[in-house]
Amino acid sequence: MSRVPTVPSVTPCWCPAASRPSGTRGQAGSPPASMPSSLGGLQRCFWAVLLLLALAVLLLAGVMHVDVRLLMPQLGDQVDRPPVTNVMFLKTHKTASSTVLNILFRFAETHNLSAALPAGGRFHLGYPWLFLARYVEGAEQGGPGRRFNIMCNHLRFNPPEVQKVMPNDTFYFSILRNPVFQLESSFVYYKSHVPAFRNVTSLDAFLASPWTYYNQSLGLSNAYARNSMWFDLGFDNDAPPEEDYVRARLLDVEKRFQLLLIAEHFDESMVLLRRLLRWRLDDVVAFRLNSRSRHSVTSLSPAGQERAKHWCALDWRLYQHFNRTFWARLRAELSPRRLRSEVARLRERRRELAALCLQDSEPKNKSQITDFRLRPYQSGRADILGYNLKPGLDNQTLQTCQRMVMPELQYMAHLYTLQFPDKPPKNIAFLEA
């Protein structure tokens, strides 16, 4: 049994002005000029009491083995600094990035920030071609110096052009996923879109003989089929995975991005992102969007998983490297106890909002979603899920809940109309079918 440490004795401070009965004077002949010394005594008393309180907290933490930041969270949350409002998110494919996009769109709308949205009737920023500033609606209006607060639609990263539309103090981040599972998701989602996937029955069959189906000369049209995350970062997805080349590109990513999130650890990622951006808890709480039903998810054989790592060797190296740096960053920012506490807070708040907003906490397939405006886009063999909201919500709650479940294309079209009311609205064809 551990001994309780003895609290060191401290001589009580004497507060001259406070110790005298009201209406009495000091020693005979004391001039009014003695008042500042009394005030100084009060100040010394105040700081002594504050020091005692801080010492008590530290001793309590030591006795109970408690992280002091759990007792005084303001010590680690940088509450004295304003939130970051200039953010560029490189939205990689099939990596839980649609959920992150929803978080950023909500933050932009609730804080009346501008978003760099695709020009005209487009729904992406030039993908799969390298990004150009002219792909952003309004980028050339008001002169070449126009900047936006939030950028998060799909694009292929091209730093000089991105910097033309984003402020100098922009926070750059992205998200990665284990390429084995990312490739499986891409295969299902883009089955009818990607030439390499069209004429093969399964991903295992494709990986058993990828060059039978993958035509390197088709270039951009096959970008989803190999090293997709590497390609999104602006690099050559067909480059040989030579050590010097890979290390140089990883260094490029480290220089350009302040943070790379990990999809398999989404909640921990949100805790770290919130801390670095100095956002409120509700700013990063989200429901899972653009997810697939279980029956449209397939499992690769162990041999297929190893082949996927080899086929997407550049993505595999990318993921391994930034998975390590992600956890190193977390350990540097938060103690294990504090991290568990923050993750628990995030999950509890998500449960509270789900109970408030959702008719059923489980996501629904397209045919089960009663509000057609909240039906997500369907692609390939994927069965993309969405949500039904509770009936009878008051207007303010309804608005909050609608934002949280609004699919990507609908939300982008909504923000476009808000920012550019004089432009023709985006036409979401599948909602009219």
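Strand order in the open sheet formed by four strands is E2-E1-E3-E4, with parallel pairing between adjacent strands. Of all strands in the sheet, those bounded by a partner on one side alone are strand E2 (150-151) and strand E4 (259-262). Note: strand E1 (residues 87-90) against strand E3 (residues 171-176), four bridges, orientation parallel. By the bridge assignment, leucine 90 is partnered in E3 with serine 174. Relative to E1, helix H4 (residues 97-110) is tilted by about 160°, and along the sheet it contacts E1, E2 and E3. Relative to the sheet, helix H15 (residues 313-333) contacts E3 and E4, its axis offset from that of E4 by approximately 100°.

Right, let's talk about the packing of aromatic side chains for a bit. Using the criterion set out here, one finds 25 aromatic pairs in the structure. Taking 5.9 Å as the distance between ring centres and 55° as the angle between the ring planes, the aromatic pair formed by tryptophan 230 and tyrosine 245 counts as tilted. Placement of the pair is tryptophan 230 in helix H10 (residues 228-232) and tyrosine 245 in helix H11 (residues 243-256), with a sequence separation of 15 residues. For tryptophan 230, a relative accessible area of 0% puts it in the buried group. Tyrosine 245 gets classed as partly exposed once you look at its relative accessible area, which sits at 21%. Considering the side-chain rings of tyrosine 416 and phenylalanine 420, the 5.3 Å spacing of their centres and the 45° angle between planes classify their relative orientation as tilted. By relative accessible area, which is 1% here, tyrosine 416 ends up buried. For lysine 94, the ring lying beneath its charged end belongs to tyrosine 189, and the centroid distance is 3.5 Å. When the ring centre of phenylalanine 123 is taken as reference, the NZ or CZ atom of lysine 426 above it lies at 5.9 Å.

Our focus in this paragraph is the pattern of salt bridges. Applying the stated criterion across every chain yields a total of 23 salt bridges. One salt bridge in this structure joins glutamate 161 and lysine 164, with 2.7 Å as the shortest N-O distance. A residue is classified by how much of its surface remains accessible, and lysine 164, at 42% relative accessible area, is partly exposed. Between aspartate 360 and lysine 364 there is a salt bridge whose closest N-O contact spans 2.9 Å. Each of Arg274, Arg338, Glu342 and Arg345 takes part in salt bridges that share partners, so that together they form one network.

Thresholds, definitions, all that
Residues numbered from 1 in each chain as written. Predicted model: local features only at pLDDT ≥ 70, side-chain atom pairs only at ≥ 80, totals over all residues. Heavy atoms only, no water. Pairing = 2+ DSSP bridges. Helix = DSSP H or I, 4+ residues; strand = E, 2+ residues; numbered from the N terminus. Contact = heavy atoms within 4.5 Å. Axes fitted to C-alpha atoms, helices over the stretch in contact; angles between N-to-C directions. Phe/Tyr/Trp six-rings, centres within 6.5 Å; stacked < 30°, edge-to-face > 60°. Buried < 20%, exposed > 50% of the residue type's maximum accessible area, 1.4 Å probe, protein only. Lys NZ or Arg CZ within 6 Å of the ring centre and 35° of its normal. Salt bridge = Lys/Arg side-chain N within 4 Å of Asp/Glu carboxyl O.

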